[in-house]
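Take a look at the letters that make up each chain.
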Amino acid sequence: MLKKVLWIAAACAAVLLALAVSRTLNFTGGAPPARPVEEAPAADQAATPAVATNPAPPVQEAAPIAAPTPDELQVQEDAAATGMTTMEPAEPTPAEDPPT
Amino acid sequence: MSANKHEKRPGKDMGAYGLRGGRLGRCLALALAAPLALGSATAQPTAPVLPLPPAASPVPPPPPPPVEIAALSADQVQTALKVLAVADQHGLQPKDYLPAGLPQDGALSAAQNEALTEGLLRYAHDVRIGRMDPDKFPELWQVRPAAYDPSADLAKALADGRLQAWLDSLPPRYSGYVALKRGLARYRDIAAKGGWKAIPEGGKLELGSADARVPALRARLAAEDPQVVATGSATFDKPLEEAVIRAQRRYGLKPDGVVGAGTLSYLNQPVGQRVLQIIANMERWRWLPPTMPATRVQVNSGAAIVTLFQDDKPVLSMKAVSGKKGDETPMLVSSIHSVVINPPWNVPTRIANEELWPKERANPGYLERNGYRVIPVAGGQPRLQQASGDSSALGRFKFDFDNPFAVYLHDTPSKGGFDRYARQASHGCVRIEKPRALADALLAGDATWTPEAVDRQLEGDKTVRARLSKQVPVYILYWTAFAGADGQMHFRSDPYNWDRELLQRVGALASGVKA
């Protein structure tokens with residue numbers, strides 16, 4: 001009987017020792033912080049009706065861009081012929097150091 | 001640190017951007033002074049007149065004080081050398097800007113530093129507003145840049161440490177210019193690889209032709225068209241026909257897929273010629289203002305095309321007929337202020353003397369049969385006026401804008417002229433294919449001149465002038481090389497020979513520009 005008690009005490013001591021060691025090694029230090037517990041809203045907030053939460057509309061596929069008509073293509077061709085006067089964006093220039 | 005002093009160079013100052021010269025009467029000169037039977041619409045308040053670009057002052061302003069430009073630092077020297085060495089990317093010649101005898105490494109002497117600064121100033125001037133001397137602008141080239149002395153800008157760029165950014169900001173930022181720059185690199189690359197060989201002359205080549213020249217045609221087309229395989233059989237097949245059609249579209253020819261003498265002459269232009277053509281057009285881009293109004297009418301007299309832009313987007317385009325060689329449509333900038341419905345044609349004296357009176361003498365009654373009346377002029381030669389109506393040389397619409405040449409856009413009863421592919425046939429005015437559509441677009445929103453009101457006016461022959469509530473700028477330009485909507489380079493035939501003239505004037509031909 002005494003022998004059993006001693007074995008149980010040794011096992012408990014081993015478990016406690018393992019816990020102490022694991023705490024020292026801080027195994028959970030890199031884990032993300034626990035999510036804060038949400039507090040209950042204040043009374044006035046709680047009284048505010050919730051925003052209508054209609055079900056999100058089903059995601060619709062974007063309508064395909066209509067191909068230009070022959071007339072539109074011709075206008076684009078003609079515009080190129082009369083001079084493409086749209087502006088090209090300026091290319092970024094690396095910063096320079098002012099002369100010292 | 002030494003300092004170089006650079007005075008402004010009055011001799012290099014361009015005349016103010018805008019209208020100069022005064023050769024009147026090139027086209028239908030008297031039409032502007034036509035005694036129009038004005039309808040009720042003319043009671044509209046006069047539209048505010050857009051400020052025209054200032055005319056050149058007859059008395060030059062006193063020269064500004066000299067700008068002090070600091071000597072270039074070692075880094076700035078490297079930046080300058082790098083930019084000037086690739087000036088040919090803009091169709092310029094590096095040797096015009098890079099002083100001779102500069103050491104590859106090491107510091108510059110004060111004199112070399114100053115010479116390099118001078119080169120930067122010349123480059124900045126040329127890449128921004130072009131190489132044309134103000135005294136060398138022909139009268140018909142009224143699209144001219146504002147004077148630009150880069151001294152102050154260079155001094156500031158150096159002081160702020162922004163030399164590279166400033167140099168990058170100088171060339172035009174228009175898509176048309178940037179596309180030409182890419183095209184220049186591409187055609188120089190073609191030239192560096194040996195260009196293309198001329199296709200021997202001979203009979204027509206068309207679908208089904210079995211001809212020893214077909215492989216040469218394939219190789220020629222492949223040089224410009226990435227869709228074409230350079231090698232293949234000696235039989236003219238369908239893919240080759242499609243390639244010929246694409247090439248004909250790039251050259252503004254009738255896209256029939258048949259290689260006759262006309263198409264062959266375009267294909268056989270050497271690549272160096274195309275390089276020079278691109279350089280000439282890049283030079284003209286530098287004459288435009290830095291930005292364009294969002295709503296405008298653009299005309300390319302070289303390709304005889306008109307486009308209306310609204311909110312900076314092309315919304316309407318049409319074929320045109322521009323002036324023929326000897327009666328060239330001038331390059332100019334103005335603003336359309338009114339649409340004349342049912343315009344009469346007041347015949348310019350030159351056209352009356354050279355064309356109409358001889359017809360009357362050969363066929364008595366010709367003038368009366370064609371709606372002309374003779375208007376006596378006290379103490380002078382009688383003048384001719386053609387009545388408004390369907391047979392009027394001006395058709396049903398005339399789009400008026402101020403200019404020293406009395407040219408304008410107008411309708412025509414000769415619609416067949418638009419079916420041609422070389423459409424330089426007028427006396428200098430621009431005949432347009434869709435005058436009603438342009439009138440509707442310009443008059444859109446006008447409470448008086450609704451489409452229904454225009455329709456009613458067109459039922460008769462009464463002349464009315466509809467003044468635009470807001471004037472619309474018009475740019476008559478001359479392009480013979482441009483990138484199409486597909487990015488491929490398109491070329492026209494230089495119908496006025498202005499490319500060659502421009503290249504000669506800026507010395508690009510005489511000095512053998514790098515091709």
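Naming follows an unreviewed UniProt entry, where chain B appears as Murein L,D-transpeptidase of Phenylobacterium kunshanense. Listed under Sequence similarities (unreviewed entry) in UniProt, the entry text for chain B is "Belongs to the YkuD family." Chain B has a UniProt comment under Pathway (unreviewed entry) that states "Cell wall biogenesis; peptidoglycan biosynthesis."

Another aspect to go through is the overall build of chain A. When helices and strands are counted, chain A shows 3 helices and 0 strands. Listing the helices and strands of chain A from first to last along the sequence gives α-α-α. When the 100 residues of chain A are sorted by exposure, 8% land in the buried category. Of the roughly 9,200 Å² that chain A leaves accessible, carbon and sulfur atoms contribute 66%.

Per the secondary structure count, chain B includes 14 helices and 16 strands. Looking at chain B as a whole, 53% of its 515 residues qualify as buried. Considering only contacts within chain B whose residues lie at least 6 apart along the sequence, 72% involve residues at least 24 apart. For chain B, the computed accessible surface area is about 22,000 Å², with 54% contributed by carbon and sulfur atoms.

The next point concerns the packing of helix H2 (residues 110-129) of chain B against helix H3 (residues 151-160) of chain B. Residue and element names in this part refer to chain B. At a minimum axis separation of 10 Å, H2 and H3 run at an interaxial angle of 120°. The handedness of the crossing between H2 and H3 is right-handed. For the pair formed by H2 and H3, the contact residues are Thr117, Leu120, Leu121 and Arg128 on the first element and Ser151, Asp153 and Leu154 on the second.

A cluster of nonpolar side chains, Met1(A), Leu2(A), Val5(A) and Leu6(A), forms an exposed patch at the surface whose accessible area comes to about 480 Å². Along the chain, the position of Met1(A) falls in the segment before helix H1 (2-25).

With that settled, the discussion passes to the packing of aromatic side chains. All names here are of chain B. If you walk through the whole model with that rule in mind, you get 14 aromatic pairs over all chains. For the pair Tyr478 and Tyr496, a centre-to-centre distance of 5.3 Å together with 10° between the ring planes defines the contact as stacked. Of the two residues, Tyr478 is situated in the loop between strand S14 (464-477) and strand S15 (481-483) and Tyr496 in the loop between strand S16 (489-491) and helix H14 (498-505); the sequence distance between them amounts to 18 residues. Exposure remark for Tyr478: the relative accessible area of 1% places this residue in the buried category. By way of ring pairs, the aromatic residues Phe137, Trp141, Trp287, Tyr478, Tyr496 and Trp498 are connected into one cluster.

Here the focus is the layout of surface pockets. The volume enclosed by the largest pocket comes to roughly 860 Å³. Considering the residues around the largest pocket, the lining is formed by 33 residues, among which Gln74(A), Glu77(A), Asp78(A), Arg249(B) and Arg492(B) are closest to the centre. For the lining of the largest pocket, the residue count by class is 12 nonpolar, 7 polar and 14 charged. Each of domain 2 (177-274) and domain 3 (292-344 + 392-479) of chain B gives at least three residues to the lining of the largest pocket.

Our next topic: the UniProt feature "active site" (unreviewed entry) in chain B. Residues and elements named next belong to chain B. With numbering matched to this structure, UniProt assigns "active site" (unreviewed entry) to His410 and Cys429. A maximum C-alpha distance of 7.6 Å among these annotated residues, which run over 20 residues, shows that they cluster at one spot. The residue His410 is located in strand S11 (residues 409-410) in this model. For His410, a relative accessible area of 3% corresponds to the buried category. Positionally, Cys429 belongs in the loop between strand S12 (424-426) and strand S13 (430-432).

With that out of the way, let us pick up the interface of chain A and chain B. Facing the 23 residues of chain A at the interface are 45 residues of chain B. Taken over both partners, the interface formed by chain A and chain B buries close to 2,500 Å², and the fraction arising from carbon and sulfur atoms is 57%. In this structure, the connection of chain A to chain B is made through 0 salt bridges. Linking chain A with chain B are 9 residue pairs in polar contact (both at pLDDT 80 or more), by the criterion used here. Along the lines of polarity and charge, the residues of the side of chain A that touches chain B split into 10 nonpolar, 8 polar and 5 charged.

Next up on the list: the confidence of the model for chain A. Residues and elements named next belong to chain A. For chain A, the mean per-residue pLDDT works out to 67, and 49% of the residues sit at or above 70. When mean pLDDT is taken per element in chain A, helix H3 (residues 70-81) scores highest with 88 and helix H2 (residues 43-47) scores lowest with 43. This stretch, residues 36-52, has a pLDDT under 50; its non-local contacts, to residues over four places away or in other chains, come to 1 contact.

Residue and element names in this part refer to chain B. All buried positions along helix H6 (residues 214-224) are accounted for by Val214, Leu217, Arg218, Arg220, Leu221 and Glu224. Projected down its long axis, H6 shows its buried positions confined to an angular sector of 165°, all on one face. Tucked into the core, H6 has its buried residues touching helix H5 (175-192), helix H7 (238-250), helix H8 (261-267) and S16.

This part is about the sheet that holds strand S7 (residues 345-346) of chain B. Residues and elements named next belong to chain B. The sheet built from 3 strands is open, its strands ordered S7-S9-S8 with antiparallel pairing. Sheet topology places S7 and strand S8 (372-375) at the edges, where each strand pairs with a single neighbour. Bridging between S8 and strand S9 (residues 383-386) involves 4 bridges; their strand directions are antiparallel. When the bridges of S9 are listed, Tyr372 appears paired with Gln386. Packing of helix H10 (residues 349-362) onto the sheet brings it into contact with S7, S8 and S9, and relative to S9 it is tilted by some 75°.

Before going further, it helps to spend a moment on the pairing of strand S10 (residues 397-401) of chain B. A regular strand carries its side chains on alternate faces of the sheet. Residue and element names in this part refer to chain B. Across the 5 residues of S10, 5 count as buried, placing the element largely inside the fold. With burial as the criterion, each face of S10 is covered, one bearing Phe397, Phe399 and Phe401 and the other bearing Lys398 and Asp400. The pairing of strand S6 (residues 332-341) with S10 spans 5 bridges and is antiparallel. Along S10, the bridge assignment pairs Val339 with Phe399. Bridging between S10 and S11 involves 2 bridges; their strand directions are antiparallel.

In this section: the nonpolar core. Leu217(B), Val297(B), Phe399(B) and Leu438(B) are the most contacted members of the largest nonpolar core, which has 136 residues in total. Beyond its immediate sequence surroundings of up to four residues, Leu438(B) is in contact with Val297(B), Leu308(B), Leu316(B), Met318(B), Phe399(B), Leu409(B) and Ile432(B).

On to the pairing of S6(B). Residue and element names in this part refer to chain B. Summarising burial for S6: 10 of the 10 residues are buried, a large majority. For S6 and S14, the ladder comprises 9 bridges, and the chain directions are antiparallel. When the bridges of S14 are listed, Val339 appears paired with Ala466.

Reading guide: rules and limits
Residues numbered from 1 in each chain as written. Chains lettered and ligands numbered in written order. Predicted model: local features only at pLDDT ≥ 70, side-chain atom pairs only at ≥ 80, totals over all residues. Heavy atoms only, no water. UniProt positions renumbered as here; feature names shortened; annotations may be inferred. Helix = DSSP H or I, 4+ residues; strand = E, 2+ residues; numbered from the N terminus. Buried < 20%, exposed > 50% of the residue type's maximum accessible area, 1.4 Å probe, protein only. Areas by Shrake-Rupley, 256 points an atom, 1.4 Å probe, with all protein chains shown as cover. Contact = heavy atoms within 4.5 Å. Axes fitted to C-alpha atoms, helices over the stretch in contact; angles between N-to-C directions. Left-handed = near helix turned anticlockwise from the far one by under 90°. Patch = residues over 30% accessible without salt bridge, like charges linked within 9 Å, V, L, I, M, F, W, Y side chains within 5 Å. Salt bridge = Lys/Arg side-chain N within 4 Å of Asp/Glu carboxyl O. Phe/Tyr/Trp six-rings, centres within 6.5 Å; stacked < 30°, edge-to-face > 60°. 1 Å grid on protein atoms, 1.4 Å probe; cavity = no way out; pocket = protein on both sides within 12 Å on 5 of 7 lines; lining within 4 Å. Points joined across faces, edges and corners; volume = space filled by probe spheres on them. Nonpolar A, V, L, I, M, F, W, Y, C, P; charged D, E, K, R; others polar. Domains from an automatic or database assignment. Buried area = accessible area lost by both parts, 1.4 Å probe. Polar contact = N/O pair within 3.5 Å; in protein donor to acceptor, adjacent residues only side chain to side chain. pLDDT = per-residue confidence, 0-100. Arc of directions from axis to C-beta. Pairing = 2+ DSSP bridges. Core = buried A, V, L, I, M, F, W, Y, C linked by side-chain atoms within 4.5 Å.

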